[in-house]
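Summary of the model geometry
If you want the building blocks of each chain, they are given just below.
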Amino acid sequence: MSEQKIGRVVVLLGAPGAGKGTQAAILSERLGLAHVATGDLFRAAVRDKTPLGVIAKGYMDRGELVPDQVTIDMLLERLGSPDAAGGILLDGFPRNTVQAEVLDMALADRGASVEAAPYIEVPEAELVARLGGRWICRAAGHPYHEVTKPPVKPGVCDIDGSELYQRDDDKPATVQARLRQQLGALEQVVGYYRNAGVLKTVDGSRGIDQVSSDLLSVLSAR
Ligand code: AP5
């Protein structure tokens, strides 16, 4: 059976806390792309205590990447969903060059390729401050920050009214582990897309609205 065709494919790159989820929510709506976030898929599996969630939880709690085979199978299944046919915005995948190569092959089978890989670049000290002050909503993972993006009503999501909570992996020790273990692989993925000629680096230390506007302009300059 042939695979479902996929439209436009954008890969949003950035370190933990760089603002991928924040920007993906804005860009996916503006560009009409399905927002596919492997971290959100893993968190849903952990919450529902599925076999995938049981495997993923230990890695996530230690700030490590979940093994490639499990992650790739989950991503390929998501690519088969009907909304992916209209194009996708990937957030949190690929995280290493093995995942990047598998993605290229999977997209080729579906008549597509990575059109652009915007990289939200943020200094490490700023990442720690962003993750330490982050709160997200239970219903859909909408991100807030106690200083830079507080909700209108404390503890409640502006968008869907659900409770806000702090992720287990945003505790200071796990944040350090995530940065230590994941920044090297991110550098390799950035190099992979630079070599492919699709990398678009954006200054992520600016405000949320300015970063959105920079991302939209690099994505519209096709
Ligand atoms: P995942 O959920 O992907 O986490 P992450 O990459 O560590 O990224 P975050 O969600 O922490 O940050 P973000 O860049 O989305 O920033 P946000 O917009 O929230 O992955 C979690 C775990 O799952 C991984 O550690 C791994 O174990 C596993 N996993 C996931 N994908 C995997 C894969 N492909 N392979 C293997 N394992 C995988 O913003 C952060 C904060 O900053 C918020 O409070 C926000 O309000 C604020 N903020 C955002 N932008 C700005 C701005 N411009 N100025 C000021 N504040 C801002």
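Shown above is the structure to which this text applies.
For the structure given in this document, a descriptive report is provided here. (Residues numbered from 1 in each chain as written. Predicted model: local features only at pLDDT ≥ 70, side-chain atom pairs only at ≥ 80, totals over all residues. Heavy atoms only, no water.)

**Focus: the overall build of the chain**
- Helix and strand content of the chain: eight helices and eight strands.
- Relative to the 2.2 N^0.38 estimate, which gives 17 Å for 222 residues, the radius of gyration of the chain is 17 Å and therefore close to what a compact globule would have.
- Each principal axis of the C-alpha atoms in the chain carries an extent, and together these give about 50 × 40 × 35 Å.
- Across the 222 residues of the chain, 45% fall into the buried class.
- The long-range share in the chain, meaning contacts at least 24 apart out of those at least 6 apart in sequence, stands at 72%.
- Approximately 11,000 Å² of the chain is accessible, and the part contributed by carbon and sulfur atoms is 53%.
- A distance of 2 Å separates the average location of the 25 positive side-chain charges in the chain from that of its 29 negative side-chain charges. (Helix = DSSP H or I, 4+ residues; strand = E, 2+ residues; numbered from the N terminus. Rg over C-alpha atoms; globule rule 2.2 N^0.38 Å. Buried < 20%, exposed > 50% of the residue type's maximum accessible area, 1.4 Å probe, protein only. Contact = heavy atoms within 4.5 Å. Areas by Shrake-Rupley, 256 points an atom, 1.4 Å probe, with all protein chains shown as cover. Lys, Arg positive; Asp, Glu negative; His and termini not counted. Charge placed at Lys NZ, Arg CZ, Asp CG, Glu CD.)

**Describing the packing of helix α6 (residues 124–132) against helix α7 (residues 172–195)**
- Packing of α6 against α7 brings their axes to within 10 Å, and their N-to-C directions diverge by 140 degrees. With respect to α7, the axis of α6 lies oblique. With respect to the hand of their crossing, α6 and α7 are arranged in right-handed fashion. From α6, Glu124, Leu127, Val128 and Leu131 reach across to α7, where they touch Val175, Gln176, Arg178, Leu179 and Leu183. (Axes fitted to C-alpha atoms, helices over the stretch in contact; angles between N-to-C directions. Parallel < 35°, antiparallel > 145°, perpendicular 65-115°, else oblique. Left-handed = near helix turned anticlockwise from the far one by under 90°.)

**Focus: unusual backbone geometry**
- With an omega of 0 degrees, the peptide bond running from phenylalanine 93 to proline 94 counts as cis.
- Along the polypeptide, proline 94 turns up in the loop between β3 (88–91) and α5 (97–109).
- In this structure, lysine 49 is a non-glycine residue whose phi angle is positive, near 55 degrees.
- The residue lysine 49 is located in the loop between α2 (38–47) and α3 (51–61) in this model.
- Given a relative accessible area of 68%, lysine 49 falls into the exposed group.

**Notes on the site of the ligand**
- Around the ligand sit 37 residues in total, of which Thr22, Glu64, Arg134, Tyr144 and Arg178 are the nearest.
- Here an oxygen atom of the ligand and a backbone polar atom of glycine 21 are 2.8 Å apart.
- With respect to the ligand, the backbone of valine 66 contributes an N or O atom lying 3.0 Å from a nitrogen atom.
- For the shell around the ligand, the elements supplying multiple residues, two or more each, are α1 (20–31), α2, α6, β6 (143–145), α7 and α8 (208–220).
- Broken down by element, the residue count for the shell around the ligand peaks at four residues, all from α2. (Near = heavy atom within 4 Å. Polar contact = N/O pair within 3.5 Å; in protein donor to acceptor, adjacent residues only side chain to side chain.)

**Here we look at the sheet that holds strand β4 (residues 114–121)**
- Ordered by their spatial adjacency, five strands build an open sheet running β2-β3-β1-β4-β8, and the pairing between neighbours is parallel. Of all strands in the sheet, those with a lone pairing partner are β2 (34–37) and β8 (199–203), marking the two edges. On average, each strand axis in the sheet is tilted by 20 degrees relative to the strand beside it, whichever way the strands run.
- The pairing of β4 with β8 spans five bridges and is parallel. (Pairing = 2+ DSSP bridges.)

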